[in-house]
Each structure stands twice: as structure tokens, then as C-alpha cells.
Amino acid sequence: MSLLEWLPWVRERRTRELADELRAHLEMAEADRIARGESPSDAAANARREFGNVGLVQEIARDRWAGMSMERLVQDVRVALRMLRRAPGFATVAVLTIALGIGATAAIFSVVEATLLHPLPYPHAEQLVRIEDDLLGVGAQDVGMSTPEWQDLQHSGVFEYVSPTWFDDNNLTGLSRPQRVGLLIVAPNYFALLGVKPQLGATFDPADPTPGFNEQIVISDGVWRRAFGSDPKILGRVVQLDSDSYRVIGVMPPGFQAPGRTKEERSTEVWPAFGWAGAPLTTYQLRSQHFPGAIARIKSGLTIVEAQRRIDVLVASLRRQYPADYPPRNDWTIRLVPLKENVIGDVRQSLLFLLGAVGLVLLIGCVNVANLLLTRASARGREMAVRQALGGAPSRLTRQLLTESVVLSMLGGIAGVAILFVAKGYLVRLVPASLPRLNEITISWSVLLVAFGISLFAGALFGLAPTLHVRRLDITRVLKQEGRGSTGSGEQARTRRLLVVAEFALSLVLMIAATLLLRSFWELMNAPLGFDPQRVMMVRTRLPYPNDPKEDLYATANDEAPFVREVLRRVRTLAGVQDAALGSSSSVPLNHPEQDQNVLRVVFEGRAGDEPSFVNGPVVVPEYFRLLGIPLLRGRLLADVDDERSPLVAVINETMARTYWPNENPLGKRLKLSPRAPSWTTVVGVVADARTEARDRAGVPVVYASLYQRSAKHLAIFLRGRFTPATITRQVREQVQSVNSALPVFGEATLDETVSASLAVRRFSMELIALFALTALLLASLGIYGVISYMVSERTHEIGVRLALGAQRTDVMRMVLSQGLRLALAGAGVGLGGALVVSHMMSSLLYGVSPTDPLTFGVVAATLTAVAIAACYIPARRAIRVDPIVALRY
Amino acid sequence: MPRKDPPTSRIELLQGTLDFIILQTLRWGPCHGYGIVQLIRAQSRETLQVETGSLYPALQRLVRQGAIAAEWGVSDSDRRVRTYRLTPKGRTRLAAERSKWEQLSDAIAGLMQPPGVAET
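Since this is a predicted model, take the numbers as computed values, not measurements.

Right, let's talk about the overall build of chain A for a bit. Secondary structure summary: chain A contains 27 helices and 22 strands in total. For chain A, whose C-alpha radius of gyration is 38 Å, the value lies well above the compact-globule estimate of 29 Å for 890 residues. By principal-axis analysis of the C-alpha atoms, chain A measures approximately 130 × 85 × 55 Å. Counted over contacts in chain A with a minimum sequence separation of 6, partners at least 24 positions apart contribute 81%. Both charge centroids of chain A, one from 96 positive and one from 83 negative side chains, sit 8 Å from each other.

Moving on to the overall build of chain B. Counting secondary structure elements, chain B contains four helices and three strands. Along the chain direction, N to C, the helices and strands of chain B fall in the order α-β-α-α-β-β-α. The proportion of buried residues among the 120 residues of chain B is 38%. A separation of at least 24 residues holds for 52% of the contacts in chain B among residues at least 6 apart in sequence. Looking at chain B as shown, the accessible area adds up to about 7600 Å², and 57% of this sits on carbon and sulfur atoms.

Before going further, it helps to spend a moment on the packing of aromatic side chains. For the coordinates displayed, the defined rule picks out 18 aromatic pairs over all chains. Each ring, one from Tyr624(A) and one from Phe718(A), has its centre 5.5 Å from the other, and the planes form 75°; the classification is edge-to-face. Residue Tyr624(A) is located in helix H19 (residues 623-628), and its partner Phe718(A) is located in strand E21 (residues 714-721); the two are separated by 94 residues in the primary sequence. By relative accessible area, which is 1% here, Tyr624(A) ends up buried. Three or more aromatic residues joined by ring pairs form one cluster here, namely Tyr122(A), Tyr190(A), Phe191(A), Phe204(A), Phe256(A) and Trp271(A). Geometry around Trp680(A) places Lys672(A) over its ring, the cationic atom sitting 4.8 Å from the centre. Between Arg80(B) and the ring centre of Trp72(B), over which it is positioned, the NZ or CZ distance is 4.2 Å.

Bringing the pattern of salt bridges into the picture now. Here the structure, examined in full by the defined rule, presents 34 salt bridges over all chains. The residue Glu566(A) makes a salt bridge to Arg569(A) at a minimum N-O spacing of 2.9 Å. Of this pair, Glu566(A) and Arg569(A) both sit in helix H18 (residues 557-572), separated by three residues, roughly a single helical turn. Overall, Glu566(A) belongs to the partly exposed group, its relative accessible area being 24%. Residue Arg569(A) is classed as partly exposed on the basis of its relative accessible area, which comes to 46%. Glu97(B) serves as the salt-bridge partner of Arg93(B), at 3.4 Å between the closest nitrogen and oxygen.

What follows concerns the interface of chain A and chain B. Each partner contributes to the interface: chain A provides 26 residues, whereas chain B provides 22 residues. At the boundary of chain A with chain B, total buried surface from both sides reaches about 2200 Å², with 53% on carbon and sulfur atoms. Run the count over chain A and chain B and you get four salt bridges. Between Asp20(A) and Arg80(B) there is a salt bridge, with the nearest N and O atoms lying 3.7 Å from each other. At the surface where chain A touches chain B, the tally comes to seven residue pairs in polar contact (both at pLDDT 80 or more). Secondary-structure elements contributing two or more residues to the side of chain A that touches chain B are helix H1 (8-35), helix H2 (40-51) and helix H3 (54-63) of chain A. Among the elements that line the side of chain A that touches chain B, the one with the most residues is H1(A), at 13 residues. Looking at the side of chain A that touches chain B residue by residue, the class counts come to twelve nonpolar, two polar and twelve charged.

Residues and elements named next belong to chain A. Mapped onto the secondary structure, Gly699 falls in the loop between strand E19 (681-687) and strand E20 (703-706). The exposure class of Gly699 is partly exposed, given its relative accessible area of 44%. Taking C-alpha positions, Gly699 is 9.8 Å from Arg658, a pair spaced 41 residues apart along the chain. Once you skip the residues sitting within four places of it in the chain, Gly699 turns out to touch Thr655 and Asp689.

Attention now goes to helix H21 (residues 725-739) of chain A. When the terminal C-alpha atoms of H21(A) are compared, their 21 Å separation across 15 residues agrees well with the 21 Å that a helix rising 1.5 Å per residue should span. Restricting attention to buried positions, one finds in H21(A) the residues Ile728(A), Thr729(A), Val732(A), Arg733(A), Gln735(A), Val736(A) and Gln737(A).

Further remarks concern the environment of Ala757(A). Structurally, the position occupied by Ala757(A) is in helix H22 (residues 751-757). For the pair Ala757(A) and Leu803(A), spaced 46 residues apart in sequence, the C-alpha separation works out to 62 Å.

Below, the discussion takes up the sheet that holds strand E3 (residues 80-86) of chain B. Residues and elements named next belong to chain B. Taken in spatial order, the three strands line up as E1-E3-E2 in an open sheet, and their pairing is antiparallel. The open sheet is flanked by strand E1 (31-32) and strand E2 (68-74), the only strands paired with a single partner. Bridge count between E1 and E3: two bridges; the pairing is antiparallel. The partner of His32 across the bridge, within E3, is Thr83.

Turning to the packing of helix H5 (residues 88-117) of chain A against helix H23 (residues 760-794) of chain A, a few remarks are in order. Residue and element names in this part refer to chain A. Running from amino to carboxyl end, H5 crosses H23 at an angle of 160°, the nearest separation of the two axes being 12 Å. Viewed along their axes, H5 and H23 adopt a mutual orientation that is roughly antiparallel. The hand of the H5/H23 crossing is left-handed. Between H5 and H23, the residues in contact are Thr97, Leu100, Ala104 and Ile108 and Leu768, Phe772, Thr775 and Leu779, respectively.

Bringing the packing of helix H25 (residues 809-841) of chain A against helix H26 (residues 854-880) of chain A into the picture now. If you want to describe how two helices pack, look at the angle between their axes and the distance between the axes. Residues and elements named next belong to chain A. Between H25 and H26, whose axes approach to 8 Å, the crossing angle comes to 155°. With respect to each other, H25 and H26 are oriented roughly antiparallel. H26 is crossed by H25, and the crossing has right-handed handedness. Residues belonging to the contact of H25 with H26 are distributed by class as follows: 19 nonpolar, three polar and two charged.

Here the focus is the nonpolar core. Residue and element names in this part refer to chain A. Formed by 76 residues in total, the largest nonpolar core has its most connected members in Phe504, Leu510, Leu517, Phe772, Ile784, Val816 and Met842. Contacts of Ile784, omitting those with residues within four sequence positions, involve Val500, Phe504, Gly820, Leu823, Ala824, Ala868, Ala871 and Cys872. Residues Val619, Val620, Leu628 and Val745 belong to the second largest nonpolar core, which totals 53 residues.

Okay, helix H13 (residues 381-389) of chain A next. Listed in full, the buried residues belonging to H13(A) are Gly381(A), Met384(A), Ala385(A) and Gln388(A). Along the axis of H13(A), the buried positions cluster into a sector of 100°, meaning they face one direction only.

Let's shift gears to a nonpolar patch on the surface. A surface patch of nonpolar side chains, amounting to about 260 Å² of accessible area, comprises Leu81(A), Leu411(A) and Ile414(A). Of the residues examined, Leu81(A) reaches a relative accessible area of 35% and is grouped as partly exposed.

Residue and element names in this part refer to chain A. For strand E12 (residues 577-584), the tally of buried residues reaches seven of eight residues, placing the bulk of the element in the interior. In this sheet, E21 lies alongside E12 in antiparallel orientation, the contact comprising seven bridges. For Asp579, the partnering residue across the bridge sits in E21 and is Arg720.

A separate point is the side chain of Ser520(A). All names here are of chain A. Following the sequence through the fold, Ser520 ends up in helix H17 (residues 490-526). Take Ser520: its relative accessible area is 1%, and that puts it in the buried class. At a separation of 3.1 Å, a polar atom in the side chain of Ser520 contacts the main-chain amide nitrogen of Tyr847. Look past the residues within four positions of Ser520 in its chain and what remains in contact with it is Arg762, Leu845, Leu846, Tyr847 and Val849.

It is worth spelling out the confidence of the model for chain B at this point. All names here are of chain B. Summary statistics for chain B give a mean pLDDT of 78 and a share of 81% for residues scoring 70 or more. Of all secondary-structure elements in chain B, the lowest mean pLDDT belongs to helix H3 (residues 52-65), at 83, while E3 reaches the highest, 89. The low-confidence segment residues 1-10 (pLDDT under 50) makes 13 contacts with residues lying over four places distant or belonging to another chain. Complex prediction metrics read pTM 0.71 and ipTM 0.80.

Cut-offs and rules
- Residues numbered from 1 in each chain as written.
- Chains lettered and ligands numbered in written order.
- Predicted model: local features only at pLDDT ≥ 70, side-chain atom pairs only at ≥ 80, totals over all residues.
- Heavy atoms only, no water.
- Helix = DSSP H or I, 4+ residues; strand = E, 2+ residues; numbered from the N terminus.
- Rg over C-alpha atoms; globule rule 2.2 N^0.38 Å.
- Contact = heavy atoms within 4.5 Å.
- Lys, Arg positive; Asp, Glu negative; His and termini not counted.
- Charge placed at Lys NZ, Arg CZ, Asp CG, Glu CD.
- Buried < 20%, exposed > 50% of the residue type's maximum accessible area, 1.4 Å probe, protein only.
- Areas by Shrake-Rupley, 256 points an atom, 1.4 Å probe, with all protein chains shown as cover.
- Phe/Tyr/Trp six-rings, centres within 6.5 Å; stacked < 30°, edge-to-face > 60°.
- Lys NZ or Arg CZ within 6 Å of the ring centre and 35° of its normal.
- Salt bridge = Lys/Arg side-chain N within 4 Å of Asp/Glu carboxyl O.
- Buried area = accessible area lost by both parts, 1.4 Å probe.
- Polar contact = N/O pair within 3.5 Å; in protein donor to acceptor, adjacent residues only side chain to side chain.
- Nonpolar A, V, L, I, M, F, W, Y, C, P; charged D, E, K, R; others polar.
- Expected span 1.5 Å × (residues − 1).
- Pairing = 2+ DSSP bridges.
- Axes fitted to C-alpha atoms, helices over the stretch in contact; angles between N-to-C directions.
- Parallel < 35°, antiparallel > 145°, perpendicular 65-115°, else oblique.
- Left-handed = near helix turned anticlockwise from the far one by under 90°.
- Core = buried A, V, L, I, M, F, W, Y, C linked by side-chain atoms within 4.5 Å.
- Arc of directions from axis to C-beta.
- Patch = residues over 30% accessible without salt bridge, like charges linked within 9 Å, V, L, I, M, F, W, Y side chains within 5 Å.
- pLDDT = per-residue confidence, 0-100.

Here's what the structure looks like:
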């Protein structure tokens, strides 16, 4: 039978041909009869009678090739549904198991699809890249780009457009209340580069030659609604950003997001255009002066690989041309990273891991249903034998069984997707907000298609086991076994045991993965933070950064110091506040955008020719250490007397001391906090390490400078005490704005929240994996329970005989339990091997626990075995309660 | 109207025999369905009557198994008919089944002989 016979027109032609053939047959019979002397009417009637029922003949003949027809399928499905209705318990369990597996798989897939699979929502997004400059020689990545380099790239012929991007936040004033907005400084070609149109007005002229800011801005739909009340006459309106005036020329459509790596950058609200050559950044004409980086659109027809090759050539020639700017030992290179990869960042691994885990759960579910079906198949052995004896072809019965299992899994799939639709809102809330492209998660057609495909596949998968059984059915034997409905052959029992072993192995893999993640999470939770987050709250503000330095009220630390002291004095008096401090944004623990602009390029005294080292440099007031509980180890802390009139001082942390002055006393050593700083900064103290940079990195070098000596525009106000967050935020806003009414106050958060949010993605994947692992455990124990109780019911007679012959009940109990134990141990053995492979693959997700942690492996395997024994205990008890008299009589 | 051939003179075909008989009939050359019925009847001296309801499914089955091939042609009486012919595969199968049948009919013939009567 060929596949062609599925096609309706092929079948139609065949039917027509058969009708022709039969008609010719009749005509010939009739003609023969007439030739033999019958009257034409008699001949016709006799021939027809002799022929029999034409319709019936056709039907029988057609039956030969109609096996795959639509009618047959409908019939099979109807029979399958009837079968399931007759076994509601079995149907419910099976459908729910599959619904769980498919629903969960579809849920995770919808997240994977939105984040990893979909192209970014810009035309020809595959041509978009982010340009990252690396200094491989000194191990520095993504160090940023200079204006001359930007111009080189624009003229390289590789790119359609290249636009630097610099994320910052800004104060939007001239409204009823100063607002803090996310701001992305871009080149005028930015929107042309992305290929997006505004919903209102226009975007920048990509060829705008203005060297500085062209004083035009494009705003997001969000800020248009929030700050301007969706004013339809917004175009042309002049607003103040950091006291500079800009004219609104366009509003982006709702849903438009800047392709950024951090959540903040993705929620950019205002885009000013900047020529990257004028005020206030005039010094940026140097090749050594870097801004954060750029995105670019590769010319159409060019692949990223080809573009990278051509850029490598360009870089090599630039290095020859400017040897002073690009010393060979720095090994300056430019890397083109697909923009999507840049946006997704490091969640790819977590997501794929989750998808793998949920796939395992689905697989375990399938194995479980296969086991159920197998049990049922042996219960239906007699039915199958009778049907075969009556002429049902094995292929026909196989098809019927497969249809049954596919119908089952389709029902499961529908239920799973239905659950997904109902639970969607709740599920999305479960996803951490920092996940990129969160707003793009939908239950799309492709998610439904995948769910459908999985259902089909799963149905075929777990339907296979019982069909193999049908093919090997020994009809005579089964029909002879009168009365006993079951046909459990040795081979079938083996298949079932094999399935349970597989189930256990898979569950063990999942459980070990989950336990390792749980332990990592536990280790991280309990790793000493090095600071005390309790009862600490942060509120942010930001000092303006006018384009004309002469207008800057807070240009130097000296200008800023009075403001800092005044704010500090005022917030300290607020009710409930015990202690207060101020610091730059990088002094806020665990709250760092990845493109940290506060990384210092430090130069050490007496190490001439050394390249600058990259060190984190928060700027804080002296109270900061006391407020966060970071202890002093050597020397002294910063003091109020360290101001712009006194020599520059800094406090470093232990790791910084160990890294840069090993076996030396760092106190009194001098360094510069940027390569061109006019004067040296002296190290006056060493404090203990605190995990303020990243939760999972213990030793990160940090140098703390004084806010009275070094200005910072992004400020965090730290408060320790007992107060309600909402009230205190309002009070702080009043106090800050009574010092300077143009300053926004925003970003209030307790340090406890920040600390727990720093583990959000980890918590999310750990919780999901734990959930999956528990599901797997449940399914596996149901599986072993099913197999053992089936075994007990099969052997009731035998057990009765044993008991009658004097076997002790404990012996029977031991026999049943050891059967279960053997399966569990075999599963655990296979699973341990698999878990070793998986745990090594996930080693980058682990913290403080080895991928081969013997304790985890041992405890999980033991737990799983214990659960297996518990699951076997119920049928074992049933076995010892067998009454020999009853068992032997019936 | 009385039947031409009384039912008693007909033998129910054993399952599996029909395929063999069709193949055997087609050994003499390609033939259409009606012709096959007539030939079987004539050659079995009116003993074997093939039902059309069995014949056509059997033909379909044999075509699918590749033992015979079908093609449309024109009959002696200028009718468009589908004729069937043996394929090499069918020929091989026929040979195998023939020897099986010969053994069987020999065996049955032996059983029919009264015991003790020697074969001549």
C-alpha cells in the first residue's frame, strides 16, 4: 500500500475504475447469455443475479485499499472514544498525566519561543549586531568605543548604519513633578538602523550632521501617556531634560522596546540624538576615550561571519596605523555579536535547561501511560485474540490501538493547552521581571502547533508497547485460557519492568539536578553577604548633567558636597530613621546594570607602562560603612574631613588589597582612579569583602572613594530604621525637593528586596525544576506501584499456594518488596550515570556544590529507593492478606 | 426459474485456494475478470463457481502483492476491460503453491484408496 492511497483523488480514480471493470463484467455475462439464446431481459436479470450485489462487491473490493481512509479514521476514533468511556478511571489518569506533561512543556516552550526563537521585533533583525570592543591581552571585554573608531566603522562599507548607544537616566522637568526617565543617547541614524517608524511625528534625520545634541527627542508611548496624558499636540513641545531644552519630534508606537541588555535599557523612554563629536563630550575625539558601545545594521547581502572577517582586516590595519593607541599587548579586537544574543544574555542556558527538564517530565509521563496501556492491553488480550480469530488483521488491530493511544494523548494535549490558557496570567507572573522579552510571551500558533505535535508523538510513543504485544499474540493459547482475562506473558512483564526502570532513571536525573540547584540556592542564600540588609531602604535621586558644563550646579565634588551634607542632615531627622548615608549608584548592593559605567580604570603608582586595571569604584559618604555594617580591617575609614581641600583618599576591600598588593601593606599606597586624573589617591584603609557586586562572586576588587572628594550624579540615599516605605519615600522626596525642587526622587526599594531579587532568575528555575522533579517522583512511584500491584494480582493464586504450603507472611512480604526494590535499584543505577552527565552540563548554574557531590547523589538515590519501597508496601500488604482458601478455590 | 447448476455440484473454496486458482488460470495468458470466472468454470467442469464478491477483492489483493499486474485494454468484443497477467513474482509463487497442492492432493488421493490395494 503506498502513501498515494491517502490522497482522495487517487482513491476516487480507483473507485471509478473498479465500477467500469464490474460493468464490463456484467455486460459480457449478459452478451454470453444472449448468445446462448436467452431473451435480452432474462439475460440481464440472470447475469445480475449471478453477479450478486454490485454495490457490495464494490465495497468489499474497495475495503482492500481503504485502510487509511478518512471514514476508517473516524470510525477508529469513535471506537477509541467508546473504549475510553468504558474505562473512565484509566482514561482520567492517563489524560491528566499527559495534560500535565504537555501543558508544562507548552508553557516552557512559549517562553523559549518568545525569548530564544523569535527574531527581535525589527525588520531584517538578523542583520542587527552589537559591536563590542575587547582588550583580549588584558582580559577586558566590551570596553567601549571611541568616536574615531565609530567613524572608521561607519566608513568601513560593512554597515548600513552604526549607532553608539549610551544608557543613562535623566530628569524630565517642566512638568508638574520632576520625573526620572530612562534615556538612551543615540546617533541620529538609530531609528533608521532599527527600521522602526513612530506612531506620531517623525524620527531623526539619519544624515543629521550636528556634532552635539540636535535638541530633538523621540519619546516612548509609555512616557507620552504617563507624563503628557497622551497629548495629541505633543509634537513640537519643548521639555527640559536636566535643565536642557529639547523638542519632541516623535512618539514611538506602544510595545516598541530598545534592544538593550538590561531591563532598564529595554524600558528606555526618551531618545535624544547626539553627534558624538560636540559638547559636552568634546574630548571624545581621542581613540582612548570610550563610550559604552554601539549597535549596527550590517549591509544586506552580508552575513555576520563575512562582516566579522572584514572588520578583522580593518582592526589589523588600524592597529598598524595607531600603534600608540592600540599597543600589541592589549590585543584590541572588535566582536560583532548578533543583537538578539546580546538582548537574551545568559538566560539561554537556564531556559534550555528548563525545557530539557520539562521534556523529561513529559517523557516520564509517557512511560507511565505506556505502562497503563500495557496493563490494559494484557487485560484486553482475550478481546484482541477473539478479534484476530474472527479475521481482524493484526495491522488493523494495531491501527486501532494506536488510534486509541493517539486519541488519549490528543485529549491530554487539549486539556494541557486549556490549563495553560487558564493559568497563563499566573504563569507569566511567575517569570522573573528581569527576563528579556517578557512582554513577547504569548500562546502563539507555533506553541499550539508544538503542543499538537508533541501530543501526536507522545501518543505514538506510548502506543507502541501494546501494539507490539498484539503482533505477538498467541491466539490459540489465549483462547484456550478460559475465563482468565489476562494474558500477562513473560515478555510483557519484562517490558513493563523495563519501563519502570526507565521511569526511575529519568526521575533520578531530574531529582539530582533539582537537588543540586536547591543546594546551590541554599549555599547562595547562606553565603555571608558581608553587609547587613535588614531594615535598610534606598531611595534614588539624580543630579542634572547639563550639556553646557558652565550650567552644571554640581560640576565638582566641592559643588556637590553642600547638597550631600544638607540632604543627609535633613533625612536623618525623619521619624524612625536611625542612620543615613549617601552613595553613588554603584554603591547600591547587588543592583548593577551589566554595562556598569562606574568601573574605574585604575593606574598604580610606581608601575609605569602598566595598563589600567578595571576596578569597581563606588563613591560614598563615611557613614556608608557603618550603615551597611561593613567592618574595617586595617587603617581608617573615610572621614568627614576628607574633602576637596584635603588630599584624595580611598578605602579598598580585602580582595583589592590581596590582588594588587600581595604580601605588601596597602596602606599609604597611591593610585589614580582614572588614567588622566590630576592627582594621586592614597589608600587609607582596608574593609572586609562584601558581596555588593554579585551574589555569587565572593572576591571582587572594590575601591571606595569619598563623595566629598569625587562627584557622582546618580545618588542613592540609604536609610536604616523602622518606617513604612511609602511614607518615608514621600518624606524623603519633600526633603530632597526642598533642597532642589528640580530633582526627581524614585527607585525606592528595601535592601532586603534587592537582595532577594538578585536571586530571582535562580529562584525561578530552581522552583520550576523542583516542581518538575516532584512530579517526576510522583509519576515514578505511581508507575512502580502499578507494576507491583499488577504483579501481586497476577500471582494471587501462586501466593495462595505458597501460604497454604506453609510460607510465612513475612517471606511473601519480602518477596514482593524485593521485586520492587530490584526495579528501583536498577533505575537508580542507570539514573546515576545519566545524572553525572547532566550535572556536568549544568555546572555553570551551580554554586558552592560540586556537580558530582556524593552527598546529593547518595541522598537522592536513597530517597527515591525509599519512595519506591513505600509504593510497593501497599500491594505487598495486599499480598500477605491473601486468604489461601479463597485464592485456591477461585 | 431453476438454477442451471445445482448447488450440490459446487465446492466451497478453501481459504487461500482462490489465489492459487486465479494464478493458475492466468498461466495461459492475460485475462479479464469475467474471463477468469468463465475459465475456472470451464476447466473445473462446472464444479468451481467463483463468486464475483470474492474474485475482485482477490484480484486487488494479488495486484497489491505484486503477483499479478493489471492494465486496461480492449476485449475481443471491443469492450474496454481491465486485464490481468502473471508477473515473474506471481510465476514463482505459483510454482511453489503448485508443488504444495500436488503433495496435498496426492496425500488425499492416497487416503481415498482403500487400504491394502496396491497402486498400479
